[in-house]
Amino acid sequence: MRAVRFSVITAAAAVALTAVTACTQKSGTQDTDRVVDVTAKDDSCEVSKKEFPAGHVELAIENKGSKVTEVYLLFPDDRIVAERENIGPGIKQKVTAEVKAGDYLIACKPGMKGKGIRQEVKATGGAVAKRDPKLDTAVADYRQYAQDQADETLPRVEAFVNAIKAGDVPAAKKAYAISRLGWERTEPVAESFGDIDPKVDVREDGLEDGQKWTGWHRLEKSLWKDGRIGAEEKTLADQLLTDLKDWQQRVGTAEITPTSMANGAKELLDEVARGKVTGEEDRYAHTDLVDFKGNVEGAQKAYELLRPVASKNDPALAKELDKQFAALETLLDKYRKDKTSYEFVSYDKVGKDDRKELSDAVNALAEPLSKLAAAVVK
Amino acid sequence: MTDTQGSTPSRRAVIGWGGAGIALGAVAAGGAVAMTKAGSDLDPVGAEAGGAVEFHGAHQAGIATAVQDRLHFAAFDVKTDDRAEFVRLLKDWTAAARRMTAGKEVGEGAYGGLPEAPPDDTGEALGLNPSRLTLTIGFGPSLFDRFGLRDKRPAALVDLPKFPGDNLDRSRTGGDLCVQACADDPQVAVHAIRNLARIGFGKVAVRWSQLGFGKTSSTTPDAHTPRNLFGFKDGTRNIAGTETGRLTEHVWVGDQDGGANDAWMHGGSYLVARRIRMNIETWDRAPLQEQEDIFGRDKGEGAPVGKPKEHDEPFLKAMKPTAHVRLAHPDSNDGITILRRGYSFTDGTDGLGRLDAGLFFLAYQRDPRHGFIPLQRRLATSDALNEYIQHVGSAVFAIPPGVRDTHDWWGRTLLSEEA
């Protein structure tokens, strides 16, 4: 990644239906109307009120269950407004948030797993903007997808890291590309946390003066160009895993809106156009087509989730996107023997004409994809 | 064209090099250009005014139109196999071209729309004059392998033969379609091609493109004949836009031309585009006498050998047998005449520190088999200029007739089922 990308956040701000700031300051609210008692048990999540005035809200949490739990205040699309993790049995905690009028969810997660036990609540007063519930579903599903990708990535990264720490160059090479797949599928979400991307996915030419080069591409260079693993690489491998665990933890807090999903899909194609088609991304490993595939799959996922709304608002656009996604997939399939595998042709073996064909197909998809956001908010 | 070597002032002159530029005859002015304001034929009105050139007409603008200062030429490959989709693109392109040549933005404009969506127009031409923008479309031979068009390929749209000395770069050669954008402001020309390319993504893809500056020929008798990058005057006596008789004879495809399957081309023309690289550094080291001998003109005035004035009728036998003007002159070529709209180009340097520069040669004619091809054959074998130039890109296109009115579209005569 070349630069921190802000579009996810700014797009969210531009259309934020309910802009909210989560706070965790100690000072509780004086207004009891705005205190919601949350009683978390192993099989229930009781709330003292289902409606409260918009503004400064306090969740007064007590874990009466036997498992460690966590409690979330969520938007209908699962975006996190405020959260508190690691609440042990018998423990009381307070969480506060600035909340605009609108619908929310309070979720308790006994054992800190799954979607949690949920209660619908409402902040009242002021104008409440409503959006198509289908879009909330799309955002929630996409959030889950992003989380799943991160969750599935970690073991793959561990395998990559373990190979490096074992000094096993061939095994590390084999594990490299696949360890990046989940990241590549959801890159705009990851990049919305400006600090993680420069640690894990920066390329040498993207470094600022004085910035230490860490992450996948640093290890890629060691493995393919230098062909060796030293003590520093082992340290860097550990660091990569740590940074990606941070990503995994924070994915759920990303600002995601229908338009940021749509534009995120387009940005994934931008990633392809800038780094993969040119062969710059994995310039030592030449595994660019794996990243390429991951980017396209991630874009397709976002599109598929938005498609019910997009196809209603702009059927011609949906038809074009269906066609161009299929065309690009078909083209990519030419570069792998087995349509279920992620073993693609080494990109240094892909000639100029074929690269042009890939680039044309990316343009053919990215241009209509840039119109998806408009179709979603129509 | 008959032989007029000697002193008879037949007003026939030559200019041109690097392939074929020839232009004879009277030099009128103005051209079929739609001037925004009334003006003398000798005053390309609108240049200063940056006015708009009428998009509609029997012939496409951008051929006989007074040559503008700048060029962005793009060749496209067609990516769709769906004829209806291709027709839709041509209609969308026509609508966009109609707006852009009038100095308007594409679609709903460059700003003011949804903040989450990219604007229809890219915006870099906002606030600029129409700048006499013309957009001219052409269809390459390879297009006719698609959409069941094989029977409509005109006999005159031949693939160019390999000429001696050609060193063609595939990535600068050919194309199913071309769009020539000429304007007085480079940003206006680039904006036009960029927006058409954008509209075309998925249906067509840019194969190659070329920017040009410094017109090397004129379809109006400018007070100062432009010079090419070798420093020689060029294009002095091109066919002028007002010379309807000579345009009909040499440029426009006539109603009797070709067979029934060529009927869609009536009112159109054929374009040959060549990217001609100039070896600037070695040329600059050539002695003045050699330079003048090669062209057959002097460098200062531009007069033909032995004559005092640029517009004097050349005496070809006074020139070296390999002089460019002599070889390219219609009198040496059975009267072959083409209309040229070439531009100089510089694409920076080539990595060896040499200027990547030359002439982007554009020639319009009624039939390349009797225009560019025999001319270039002759030049490629004998022209002394060949030591200093190389043809590195090449394409040929059928230029359909003009868009008649606001209901008409580019290529209708070729692709409309009822046409």
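To be clear, the structure that these remarks concern was listed above.
Numbering of residues starts from 1 in every chain and runs along the sequence as written. Whichever chain is written first becomes A and whichever ligand is written first becomes 1, with later ones labelled in order. Only residues with pLDDT of 70 or above have their local features reported here, since the model is predicted, and side-chain atom pairs are shown and tallied only from 80 upward, although totals for entire chains, interfaces and linings are computed over all residues. The basis for the side-chain values is all heavy atoms of the structure; hydrogens and waters are excluded.

Considerations on the overall build of chain A
- Here a strand is any run of E in DSSP of at least two residues, a helix any run of H or I of at least four, and the numbering for each starts at the N terminus. Per the secondary structure count, chain A includes 12 helices and 10 strands.
- Every radius of gyration here is taken over C-alpha atoms, with the globule rule written as 2.2 Å times N^0.38, N being the number of residues. What you see for chain A is a C-alpha radius of gyration of 22 Å, in line with the 21 Å of a compact globule of 378 residues.
- In terms of principal-axis extent, the alpha carbons of chain A reach across some 70 × 55 × 40 Å.
- Each residue is assigned to one of three classes by its accessible area relative to the maximum for its type, calculated with a 1.4 Å probe on protein chains only: buried under 20%, partly exposed between the two thresholds, exposed over 50%. Out of the 378 residues belonging to chain A, those deemed buried represent 54%.
- In chain A, once contacts between residues fewer than 6 apart in sequence are set aside, the share between residues at least 24 apart is 71%. Whether two residues are in contact is decided by their heavy atoms, any of which lying within 4.5 Å being enough.

Here we look at the pairing of strand E7 (residues 80–87) of chain A
Residues and elements named next belong to chain A.
- The pairing criterion is simple: DSSP has to find at least two bridges between the two strands. Bridge count between strand E6 (residues 69–74) and E7: five bridges; the pairing is antiparallel. Opposite Val71, over in E7, you have Arg84 as the bridge partner.
- Counted along the chain from E6 to the antiparallel partner E7, the turn is five residues long, and its residue Asp78 has a positive phi close to 80°.

So, the pattern of salt bridges
- Criterion for a salt bridge: a side-chain nitrogen of Lys or Arg within 4 Å of a carboxyl oxygen of Asp or Glu. Taken as a whole and assessed by the stated rule, the structure comprises 58 salt bridges over all chains.
- The shortest N-O distance in the salt bridge between Arg170(B) and Asp353(A) comes to 2.4 Å. Residue Arg170(B) is found in the loop between strand E2 (134–139) and strand E3 (177–183), and its partner Asp353(A) is found in helix H11 (residues 352–369); the two belong to separate chains.
- Overall, Arg170(B) belongs to the exposed group, its relative accessible area being 53%.
- A salt bridge links Asp166(B) to Arg274(B); its shortest N-O distance comes to 2.9 Å. Pair noted here: Asp166(B) is in the loop between E2 and E3 and Arg274(B) is in strand E5 (residues 269–278), with a separation of 108 residues, a long-range link.

Comments concerning unusual backbone geometry
- A positive phi angle, near 55°, is found at Met112(A), a position not held by glycine.
- One can find Met112(A) in the loop between strand E9 (102–108) and strand E10 (117–124).
- Residue Met112(A) is classed as partly exposed on the basis of its relative accessible area of 31%.
- Although it is not a glycine, Ser131(B) adopts a positive phi angle of roughly 55°.
- Mapped onto the elements of the fold, Ser131(B) is located in the loop between helix H1 (83–101) and E2.

A closer look at the side chain of Thr134(B)
Residues and elements named next belong to chain B.
- On the secondary structure map, Thr134 appears in strand E2.
- Polar contacts here mean pairs of N or O atoms no more than 3.5 Å apart (in protein, one a potential hydrogen donor and the other a potential acceptor; neighbouring residues in sequence count only if both atoms are side-chain atoms). Only 3.0 Å separates the side chain of Thr134 from the side chain of Gln68, close enough to count as a polar contact.
- Dropping the residues within four chain positions of it, Thr134 is found in contact with Val53, Ala61, Gly62, Thr65, Gln68, Thr101, Gln180, Ala181 and Cys182.

Details of the interface of chain B and chain A
- Listed by partner, the interface residues are 16 residues for chain B and 19 residues for chain A.
- By definition, the buried area sums, over both parts, the 1.4 Å-probe accessible area that each loses when the two are put together. Of the roughly 1300 Å² buried between chain B and chain A, counting both surfaces, carbon and sulfur atoms make up 50%.
- Joining chain B to chain A, the criterion identifies four salt bridges.
- Among the salt bridges present, the one from Glu85(B) reaches Lys323(A), with a minimum N-O distance of 2.8 Å.
- No other element matches strand E4 (residues 204–215) of chain B, which puts three residues into the side of chain B that touches chain A.
- For the side of chain B that touches chain A, the per-class residue count stands at six nonpolar, three polar and seven charged. Classes in brief: Ala, Val, Leu, Ile, Met, Phe, Trp, Tyr, Cys and Pro nonpolar; Asp, Glu, Lys and Arg charged; the others, Gly included, polar.

Points about the sheet that holds strand E4 (residues 51–53) of chain A
All names here are of chain A.
- Read from one edge of the open sheet, five strands run E4-E10-E9-E6-E7, paired in mixed fashion. Unpaired on one side and paired on the other, E4 and E7 mark the two borders of the sheet. Averaged over all pairs of adjacent strands, the angle between their axes in this sheet comes to 20°, without regard to strand direction.
- Here four bridges tie E6 to E9, and the two strands are oriented antiparallel to one another. If you follow Leu74 over to E9, its bridge partner there is Leu105. What counts as an axis is a line fitted to C-alpha atoms, over the stretch in contact for a helix, and the angles between N-to-C directions run from 0 to 180 degrees.

Thoughts on the state of the cysteines
- In what follows, a disulfide is any cysteine sulfur pair within 2.5 Å. The full count for this structure, using the stated rule, is one disulfide over all chains.
- There is a disulfide in this structure between Cys45(A) and Cys108(A), and the S-S distance comes to 1.9 Å. Measuring handedness by torsion sign, the sulfur bridge of Cys45(A) and Cys108(A) sits at about 55° and is right-handed. Placement of Cys45(A) in strand E3 (residues 45–47) and of Cys108(A) in strand E9 is noted, with a sequence separation of 63 residues between them.
- Overall, Cys108(A) belongs to the buried group, its relative accessible area being 0%.
- Of all cysteine sulfurs, the one in Cys178(B) lies closest to Cys182(B), which takes part in no disulfide; the gap is 11 Å.
- The class for Cys182(B) is buried, based on a relative accessible area of 0%.

Digging into the packing of helix H8 (residues 258–276) of chain A against helix H9 (residues 288–313) of chain A
All names here are of chain A.
- Direction vectors running N to C along H8 and H9 enclose 160°, while the axes themselves pass 9 Å from each other. Taken together, the axes of H8 and H9 are roughly antiparallel relative to one another. The element H8 and its partner H9 pack so that their crossing is left-handed. On H9, the residues that touch Pro258, Met261, Ala262, Ala265, Leu268, Leu269, Glu271, Val272, Gly275 and Lys276 of H8 are Asp288, Asp291, Phe292, Asn295, Gly298, Ala299, Ala302, Leu305 and Leu306.
- Grouping the constituent residues of the contact of H8 with H9 by class yields 12 nonpolar, three polar and four charged. Under this scheme an angle from 65 to 115 degrees is roughly perpendicular, one under 35 degrees roughly parallel, and one over 145 degrees roughly antiparallel; angles in between are oblique. Should the near helix be turned counterclockwise from the far one by less than a right angle, the crossing is left-handed, whereas a clockwise turn marks it as right-handed.

Considerations on the layout of surface pockets
- A 1.4 Å probe that fits but cannot get out identifies a cavity on a 1 Å grid over protein atoms alone, an open set with protein on both sides within 12 Å along at least five of seven lines counts as a pocket, and a residue lines either if it has an atom within 4 Å of a point. Grid points are joined across faces, edges and corners, and a volume is the space filled by probe spheres set on the points. In this structure, the largest pocket spans a volume of roughly 1300 Å³.
- Considering the residues around the largest pocket, the lining is formed by 41 residues, among which Asp314(A), Leu317(A), Lys371(A), Asp92(B) and Asp120(B) are closest to the centre.
- Residue assignment for the lining of the largest pocket shows that the elements contributing at least two residues are helix H10 (315–333), H11 and helix H12 (372–377) of chain A together with H1 and helix H2 (186–200) of chain B.
- For the lining of the largest pocket, the element with the highest residue contribution is H1(B), accounting for seven residues.
- Of the residues that constitute the lining of the largest pocket, the class distribution is 19 nonpolar, six polar and 16 charged.
- Approximately 630 Å³ is the volume attributed to the second largest pocket.
- As for the second largest pocket, its lining consists of 23 residues, and the residues nearest its centre are Glu70(A), Tyr72(A), Lys109(A), Gly114(A) and Gln147(A).

Looking at the packing of H1(B) against H2(B)
All names here are of chain B.
- Close contact between H1 and H2 brings their axes to 10 Å; oriented N to C, the two are set at 155°. Between H1 and H2, the interaxial angle falls into the category roughly antiparallel. Our pair here, H1 against H2, has a crossing hand that is right-handed. Residues Leu89, Asp92, Trp93, Ala96 and Met100 of H1 form the contact with H2, whose participating residues are His191, Ala192, Asn195, Leu196, Ile199 and Gly200.
- Here the contact of H1 with H2 is built from residues that sort into seven nonpolar, three polar and one charged.

These figures come from the coordinates and say nothing about function on their own.
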